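Each chain, written out:
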Amino acid sequence: MRIAIASASGQLARATAKYLLEKVSPDDVVLVTRNVDALAEFADAGATVRYGDYDRPESLPAAFEKVDRLLLVSLHELGHRVTQHRNAIDASAAAGVRHIVYTSYIMAEPGCPSTVVPDHLRTHELLDASGLEVTYLRMGLFAETPVTQILPPAIARGMLVDNTAHAKGAFVHRDDCAAAAAAVLASSGHEGRTYDVTGPELLGFDDLTTLAAGISGRPVGYLSVADDELDAQLRAAGVPDDVRGMIVSFGVSLRAGYGEPLSDAVQRLTGRPARPITDLMERHRGLLAGS
Ligand SMILES: NC(=O)c1ccc[n+]([C@@H]2O[C@H](COP(=O)([O-])OP(=O)(O)OC[C@H]3O[C@@H](n4cnc5c(N)ncnc54)[C@H](OP(=O)(O)O)[C@@H]3O)[C@@H](O)[C@H]2O)c1
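Residues numbered from 1 in each chain as written. Predicted model: local features only at pLDDT ≥ 70, side-chain atom pairs only at ≥ 80, totals over all residues. Heavy atoms only, no water.

Some remarks on the overall build of the chain
Here's step 1: Across its full length, the chain carries 13 helices and eleven strands.
Here's step 2: The C-alpha atoms of the chain give a radius of gyration of 19 Å, which matches the 19 Å a tight globule of 291 residues would have.
Here's step 3: Considering only C-alpha atoms, the chain reaches an extent of 55 × 35 × 35 Å along its principal axes.
Here's step 4: Counting only residues that meet the buried cut, the chain has 49% of its 291 residues in that class.
Here's step 5: Across the chain, the fraction of contacts at a sequence separation of at least 24, relative to all contacts at a separation of at least 6, is 77%.
Here's step 6: Both charge centroids of the chain, one from 27 positive and one from 37 negative side chains, sit 3 Å from each other. (Helix = DSSP H or I, 4+ residues; strand = E, 2+ residues; numbered from the N terminus. Rg over C-alpha atoms; globule rule 2.2 N^0.38 Å. Buried < 20%, exposed > 50% of the residue type's maximum accessible area, 1.4 Å probe, protein only. Contact = heavy atoms within 4.5 Å. Lys, Arg positive; Asp, Glu negative; His and termini not counted. Charge placed at Lys NZ, Arg CZ, Asp CG, Glu CD.)

This is how it looks when you write it as structure tokens:
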């Protein structure tokens, strides 16, 4: 069984590769990337590293040659990523890949207003129509986003302002998502299945400020405002349209309950429980404390 991880120099993919190499022989691992040099440590460990770019479909037949199972990590660029995912799926089918494991999103439900969701749903359609075996890993809200991007500036200002109105989500460590993905890649029986890969508890951004204040030793308040008010604040701060739309629609979606699925998939797949977000806050205590 030859297993490929594409977009392999990314954070989720790279962590998945590390876990995978603890489980299977490096002879069975292919890492596909636009940046072969960035994966020298994996080549040194015996994995095969190949060039592949979803925007250059002509690069993909060689990248996916003799691969049985592929981790398709969802890309970033809204709208365009559907074309990128399609190129990867088409090339996989043509190359003889039998099984794709796709990193979807916990909010990927019809009707969810989050602007990142339509691309996932379109990718699901492409995968379902591909004739390949598929496993969906519906990744929860990465805990890294609030801990390293949202909370530090909020703590510096003394206030976190959003539109989530105490709604909750099951924040999950990206590394736990990687461990779960590696477990699925390394074993059989996951074809046709969907897993919600979430953290261990439901927390709101108000809870996060309380936890972060305790760990950083710096007080931070929480204020939820109306959607149009948040949008106006973000616009005044120069946040680009697409990012603003993503942030505001995330809050609307969280309030509608789309962040609430809670599962024990990390424990079931990896044999150890999902880690709480406070672990990550402890690890980034200096960042949160502004030191
Ligand atoms: N659930 C959540 O809360 C949440 C939060 C943030 C992101 N996400 C999703 O999770 C994904 C992985 O996150 P991450 O933190 O690992 O992202 P990341 O570190 O930014 O990695 C993204 C990777 O995308 C790959 N890529 C970009 N353009 C490509 C192309 N044309 N062809 C092939 N690969 C391309 C690159 O891999 P190479 O350079 O190796 O080619 C890049 O390293 C994101 O892309 C996003 O869809 C989810």
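Back to the write-up after that little detour.
A word on the pairing of strand 7 (residues 159–162)
Here's step 1: With burial as the criterion, only one face of strand 7 is covered, namely that bearing Leu160 and Asp162; the residues Met159 and Val161 on the opposite face remain uncovered.
Here's step 2: The pairing of strand 7 with strand 11 (residues 221–224) spans four bridges and is classified as parallel. In the sheet register, Val161 faces strand 11, and the bridge partner there is Leu223. (Pairing = 2+ DSSP bridges.)

Observations regarding the packing of aromatic side chains
Here's step 1: What the rule picks out here adds up to three aromatic pairs.
Here's step 2: Look at Tyr102 and Tyr136: their rings are 6.5 Å apart centre to centre, the planes differ by 90°, and that puts the pair in the edge-to-face class. Separated by 34 residues along the polypeptide, Tyr102 in strand 5 (residues 99–105) and Tyr136 in strand 6 (residues 133–139) bring together distant segments of the chain. For the pair formed by Tyr102 and Tyr136, the shared burial category is buried.
Here's step 3: A centroid spacing of 5.5 Å and a plane angle of 90° characterise the contact between Phe171 and Phe205, whose relative ring orientation is edge-to-face. Here Phe171, found in the loop between strand 8 (168–169) and helix 7 (174–186), pairs with Phe205, found in helix 8 (residues 205–216); they are 34 residues apart in sequence, far enough to count as distant.
Here's step 4: Phe171 gets classed as buried once you look at its relative accessible area, which sits at 4%.
Here's step 5: Connected via pairs of aromatic rings, a cluster forms that spans Phe171, Phe205 and Phe250. (Phe/Tyr/Trp six-rings, centres within 6.5 Å; stacked < 30°, edge-to-face > 60°.)

Quick notes on the site of the ligand
Here's step 1: The local shell around the ligand holds 23 residues, among which Ser9, Leu12, Thr33, Asp53 and Ser74 are the closest.
Here's step 2: Between the ligand and Leu12, the relevant distance is 2.7 Å, taken from an oxygen atom to a main-chain nitrogen or oxygen of the residue.
Here's step 3: Bound to the protein, the ligand loses 81% of the 910 Å² it would expose on its own.
Here's step 4: Elements supplying a minimum of two residues to the shell around the ligand: helix 1 (11–21) and helix 4 (80–95).
Here's step 5: Per-class residue counts for the shell around the ligand are nine nonpolar, nine polar and five charged. (Near = heavy atom within 4 Å. Polar contact = N/O pair within 3.5 Å; in protein donor to acceptor, adjacent residues only side chain to side chain. Areas by Shrake-Rupley, 256 points an atom, 1.4 Å probe, with all protein chains shown as cover. Nonpolar A, V, L, I, M, F, W, Y, C, P; charged D, E, K, R; others polar.)

Here we look at the UniProt feature "domain: NAD(P)-binding" (unreviewed entry) in the chain
Here's step 1: Sites flagged by UniProt as "domain: NAD(P)-binding" (unreviewed entry) map to residues 8–186.
Here's step 2: The span residues 8–186 is 42% helical and 19% strand by assignment, and the distance between its end C-alpha atoms comes to 16 Å. (UniProt positions renumbered as here; feature names shortened; annotations may be inferred.)

With respect to the pattern of salt bridges
Here's step 1: Overall, the coordinates contain 18 salt bridges when judged by the stated rule.
Here's step 2: A salt bridge links Lys168 to Asp207, with the shortest nitrogen-to-oxygen separation between them at 2.8 Å. Taken together, the positions of Lys168 in strand 8 and Asp207 in helix 8 put the pair 39 residues apart, joining distant regions of the chain.
Here's step 3: Overall, Lys168 belongs to the partly exposed group, its relative accessible area being 30%. (Salt bridge = Lys/Arg side-chain N within 4 Å of Asp/Glu carboxyl O.)

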